[in-house]
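Coordinates in review
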Amino acid sequence: MQLQGYEAIFFYALALVALIMGVMVITVRSPVHSALFLISTLIGIAGLFILLRAEFIAGVQILVYVGGVMVLFLFVIMLVNVQQETRETTQIFTRQYVAGYLIVGLLTLSFLYVVRESRNTQFLKPPQIEERAETTATPMTSLSKDTQEVGDKLYTRAALPFEIASVLLLVAIVGSVMLARGRKQEKIFE
Amino acid sequence: MRDKIPQSIGDAWVSNVIWPLIQIAIVFFVVLTIVAYLTLAERKISAWIQVRMGPMRVGPWGLLQPAADGLKLLIKEDIMPLKADRAVFTIAPIITAVAAIVVLTVLPYGADWATITNINIGLLFILAVSSVGVLGIILGGWASNSKYPLLGALRSSAQMVSYEVAMGLALMGALMFSKTLSMYSIVEAQAKDQMWYVFYQPLGFIIYFISALAETNRAPFDLPEAESELTGGFHTEYSGFRFSLYFIGEYTSMFVVSSIAVTLFLGGWHFPFIGLLKEQDQTLYVLASIVVFFAKVILLLWAFMWFRWTFPRYRYDQLMDVGWKWLIPATLANIVITGMLFIVGQELGFVQTTGDGRVEVVGVAGNAFMIGTAFLITIPATAILLSLINRRTRDFNLRAQRQLQLRRRQERIAAGAGD
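Residues numbered from 1 in each chain as written. Chains lettered and ligands numbered in written order. Predicted model: local features only at pLDDT ≥ 70, side-chain atom pairs only at ≥ 80, totals over all residues.

Attention shifts here to the overall build of chain B. Looking only at helices and strands, one finds 16 helices and two strands in chain B. For 419 residues, the compact-globule formula gives about 22 Å, and the C-alpha radius of gyration of chain B, at 24 Å, lands near that figure. Projected onto the principal axes, the alpha-carbon positions of chain B cover approximately 100 × 70 × 40 Å. A total of 419 residues make up chain B; the buried ones form 41% of that total. For chain B, the proportion of contacts with a sequence separation of at least 24, taken over those separated by at least 6, is 76%. (Helix = DSSP H or I, 4+ residues; strand = E, 2+ residues; numbered from the N terminus. Rg over C-alpha atoms; globule rule 2.2 N^0.38 Å. Buried ≥ 20, exposed ≤ 12 C-beta atoms within 10 Å, placed from the backbone. Contact = placed C-beta atoms within 7 Å.)

Rendered as structure tokens:
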């Protein structure tokens, strides 16, 4: 897939932001700062989704991860009040070199495999230039059907995984309610 | 005008960069002026409700008060607590203000060239970006390194995360009629149906408005900044311009949630007979549409301020009860019942699928069916469902709760006497 013009600039800028912020997440000492850098990474990745013309996924990425999950992360960090890692003397890495190199090696191999495959099969077709010019020229009339397509696929072809995921989430909710509910509350309404 | 300018200069650069920049500058100026005057309106309306006069000193009827306030906040000393996290303390108010202002780009201010941009995921984009605004409040409360701001921040994050769910689900009912997330197309869909969706979705509108009050930290849901308990909430340690950034964010998000309500439920820039202008004069039509849009938004903003001085603040557990036990079940019931009504309407011929895949309510009979069922079936059914769910909660059915407690007490006494 060849990147041209503004797309290339945006892609490299966003990718660089996501990567640098990702490194910062694990190197800074304060957990709140880590959470902030993680938010930056997520927003960078949402930008990359927009470059892939997956606007719906980008919107959901920000809504769910930045607006929901990260807010709860911060909530927990504040309640737990992690002080130990912020001290200079504490080690923040466990120094498990062997496992680290192993995982990096495996990841590199899988990346190489995906890149080779995509070259061969061309499943990542570059979007047509003519199409794109048309959509930018008349933004009022033509909109991509991205959201509708996601909905169609989700409730027809991916219906079973979707249902399984929702049941999993329900189990998690019921479990957390059971953990949070004390004996006292159980008694009140008996 | 949007089409004319690029043709005369013959450059896509103008239509894609310069013209939007001009629009953004105008919108930025207009909305921030409205925001500034909202602070004055807040004080004036509160004064009128309490039979006072409000600010009267600066300018005629105090009309220059916002300028004086802004100047004061700019030149005030900027204090940062000694043990505050400097970086986070600095960026937190910026996050809130930016998240609120970015959303202004996708709102449909009026017909044709009055709307800056029309993106496929308009409504989702607004919800997503405004959900980022919560981060500014939490981080500001945490970075202050002080008790009251932290408590305020924790309260607000819990509140906003809960009401976001109800808000998103309340919009879903109207989206079932519009079939699109693009703000401009939602307005056009209402023009095609010749009906404001508030009549199809009265329940959705009410729930959306309540959740919007909670999302923007307005009374009766202003727990994050409950003055009597928290001295000021998450912004206690902020002063000067950083403080005003929080308020710009808050009032801008009030404007944004009102605009969403207007776009989705109140027909956007449509008003009966405004279409007649279109044949006569295009420019006049667009200007009229802008006026209609802003008039509707200001009406809703006025309701925001009215509510603030009408309802007492909720207690924290009541706030969570209202969100999770009332609003969210009500929105879910609304979605299910609306979906069922669509199918029933299709069977009876009131709803038809048009060529381009849009589902349309047909004619006067169809509209009567949809509106009638919304008021006569959806609302009573949801009310019955809610009272079934909440039969045993603490703040509902108080008499039964009291009877239960009395009975348990008598049982305890009887048991004690038996020993």
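Another aspect to go through is the overall build of chain A. Across its full length, chain A carries eight helices and zero strands. Its helices and strands in sequence order give chain A the pattern α-α-α-α-α-α-α-α, from N to C terminus. In chain A, which comprises 190 residues, the share counted as buried stands at 12%. When contacts within chain A are restricted to residue pairs at least 6 apart in sequence, those whose partners lie at least 24 apart make up 54%.

Moving on: the domain arrangement of chain B. All names here are of chain B. With domains assigned, chain B is organised as domain 1 (1-75) and domain 2 (79-343). Of note, the centres of domain 1 and domain 2, computed from C-alpha atoms alone, are 18 Å apart. With 18 residues of domain 1 in contact, the opposing surface of domain 2 contributes 19 residues. Elements supplying a minimum of two residues to the side of domain 1 that touches domain 2: α2 (12-49) and α3 (65-75). If one sorts the elements of the side of domain 1 that touches domain 2 by residue count, α2 sits on top with 14 residues. (Domains from an automatic or database assignment.)

As a further point, take the interface of chain A and chain B. The partner chain B presents 28 residues to the 24 residues of chain A that form the contact. Those elements that provide at least two residues to the side of chain A that touches chain B are α2 (31-51), α3 (55-80), α5 (129-137) and α6 (146-156) of chain A. Tallying contributions element by element places α3(A) first for the side of chain A that touches chain B, with 13 residues. For the side of chain A that touches chain B, a count of residues per class yields 16 nonpolar, six polar and two charged. (Nonpolar A, V, L, I, M, F, W, Y, C, P; charged D, E, K, R; others polar.)

Below, the discussion takes up unusual backbone geometry. Residues and elements named next belong to chain B. The phi dihedral of Trp61 falls on the positive side, at around 50°, and the residue is not glycine. Of note, Trp61 is situated in the loop between α2 and α3. Look at Trp61 and you get partly exposed, because 13 C-beta atoms sit within 10 Å. Notably, Asn217 is not glycine yet its phi reads approximately 60°, a positive angle. Relative to the elements of secondary structure, Asn217 occurs in the loop between α9 (202-215) and α10 (227-230).

This brings us to the packing of helix α5 (residues 122-143) of chain B against helix α11 (residues 240-265) of chain B. All names here are of chain B. Contact pair α5 / α11: the axes reach a minimum separation of 12 Å and the direction vectors enclose 155°. By the angle between their axes, α5 is roughly antiparallel relative to α11. Note that α5 runs across α11; the crossing there is left-handed. For the pair α5 and α11, the contacting residues are Ile126, Ser130, Gly133 and Gly136 in the first and Gly249, Ser253, Val256 and Ile260 in the second. Class assignment for the residues of the contact of α5 with α11 results in three nonpolar, five polar and no charged. (Axes fitted to C-alpha atoms, helices over the stretch in contact; angles between N-to-C directions. Parallel < 35°, antiparallel > 145°, perpendicular 65-115°, else oblique. Left-handed = near helix turned anticlockwise from the far one by under 90°.)

It is worth spelling out the nonpolar core at this point. With 119 residues, the main nonpolar core has Ile62(A), Leu124(B), Ile126(B), Ile138(B), Ala261(B) and Phe265(B) as its most contacted residues. Top element by residues in this core is α5(B). It accounts for 15 residues. A domain split of this core shows at least three residues from each of domain 1 (1-75) and domain 2 (79-343) of chain B. Once residues within four sequence positions are removed from consideration, Ile126(B) is found in contact with Val103(B), Val106(B), Val256(B) and Ile260(B). (Core = buried A, V, L, I, M, F, W, Y, C linked by C-beta atoms within 7 Å.)

A word on α2(B). Residues and elements named next belong to chain B. The first and last C-alpha atoms of α2 sit 53 Å apart over 38 residues, in line with the 56 Å expected at 1.5 Å per residue. Along α2, the sharpest change in direction is near 25° and occurs at Ile18; proline Pro20 comes one to four residues later. For α2, the complete set of buried residues consists of Val31, Val35, Leu38, Leu40 and Lys44. Close packing links the buried residues of α2 with α3, α11 and α13 (282-308). Remark: Val51 follows α2 within two positions and exhibits a positive phi of approximately 55°. (Expected span 1.5 Å × (residues − 1). Bend = angle between axes of the 7 residues up to and from the residue.)

Let's shift gears to the environment of Tyr37(B). Residues and elements named next belong to chain B. Of note, Tyr37 is situated in helix α2. A count of 16 C-beta atoms within 10 Å places Tyr37 in the partly exposed class. Taking C-alpha positions, Tyr37 is 9.1 Å from Leu64, a pair spaced 27 residues apart along the chain.

Residues and elements named next belong to chain B. Contact pair α9 / α11: the axes reach a minimum separation of 10 Å and the direction vectors enclose 170°. In terms of orientation, α9 lies roughly antiparallel with respect to α11. Packed against α9, whose contacting residues are Phe205, Tyr208, Phe209, Ala212 and Glu215, the element α11 presents Val257, Ala261 and Phe265 at the interface.

All names here are of chain B. For chain B, the mean per-residue pLDDT works out to 82, and 92% of the residues sit at or above 70. Mean pLDDT across the secondary structure elements of chain B bottoms out at helix α1 (residues 4-9), with 46, and peaks at α9, with 90. Scored below 50 in pLDDT, residues 1-9 makes 12 contacts in the model with residues more than four places away or belonging to other chains. (pLDDT = per-residue confidence, 0-100.)

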